[in-house]
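Chains, contacts and geometry: an overview
So you can see what is in the structure, the chains are spelled out below.
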Amino acid sequence: MEEGRPVMEDADLRVDGNAVAGLLSEVFVYEMTSARSTCAACGAVGEVGQLLAYVHGPGSVIRCPRCNAVLMRIVHGADRYWIDVRGISCLELRV
């Protein structure tokens, strides 16, 4: 630490998720089937529209066509969505 300079703590830099509300509303307006996803399990890269979708359950499950890993889970309830994308290490959107 330099003399006279305060030390920045993590808590000094952190705000809640409402701070990215504008960014999220910008991102999720795009055509998602043309977005390129990277499988967290095998590294395969491809458009969301080319992934394997299973839509006959209580929700939809989207899998990698190369390794069959689950990339996304999407459930739609009466007034909300639950979206799990932990199987995607990166999602690239073209604007």
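Counting residues in each nonpolar core, the largest one holds 10 residues, listed as Ala35, Cys39, Ala44, Val48, Leu51, Ile62, Cys64, Leu71, Met72 and Ile88. Not counting residues within four places of it along the chain, the set of residues in contact with Met72 comprises Val48, Leu51, Ser60, Val61, Ile62, Asp84, Val85 and Ile88.

Glancing now at a nonpolar patch on the surface. On the surface, Val20, Leu23, Leu24 and Phe28 cluster together into a nonpolar patch covering about 390 Å² of accessible area. If you trace the backbone, Leu24 turns up in helix α2 (residues 21-27).

On to the sheet that holds strand β1 (residues 36-39), then. If you walk across this open sheet you meet the three strands as β2-β1-β7, and the pairing is antiparallel. Where the open sheet ends on each side, the last strands, each with one partner, are β2 (45-47) and β7 (88-92). In this sheet, neighbouring strand axes are inclined to one another by 25° on average, regardless of whether the strands run parallel or antiparallel. Alignment of β1 against β7, held across four bridges, turns out to be antiparallel. Note on β7: the bridge partner recorded for Arg36 is Glu92.

About the cut-offs
- Residues numbered from 1 in each chain as written.
- Predicted model: local features only at pLDDT ≥ 70, side-chain atom pairs only at ≥ 80, totals over all residues.
- Heavy atoms only, no water.
- Core = buried A, V, L, I, M, F, W, Y, C linked by side-chain atoms within 4.5 Å.
- Buried < 20%, exposed > 50% of the residue type's maximum accessible area, 1.4 Å probe, protein only.
- Contact = heavy atoms within 4.5 Å.
- Patch = residues over 30% accessible without salt bridge, like charges linked within 9 Å, V, L, I, M, F, W, Y side chains within 5 Å.
- Areas by Shrake-Rupley, 256 points an atom, 1.4 Å probe, with all protein chains shown as cover.
- Salt bridge = Lys/Arg side-chain N within 4 Å of Asp/Glu carboxyl O.
- Helix = DSSP H or I, 4+ residues; strand = E, 2+ residues; numbered from the N terminus.
- Pairing = 2+ DSSP bridges.
- Axes fitted to C-alpha atoms, helices over the stretch in contact; angles between N-to-C directions.

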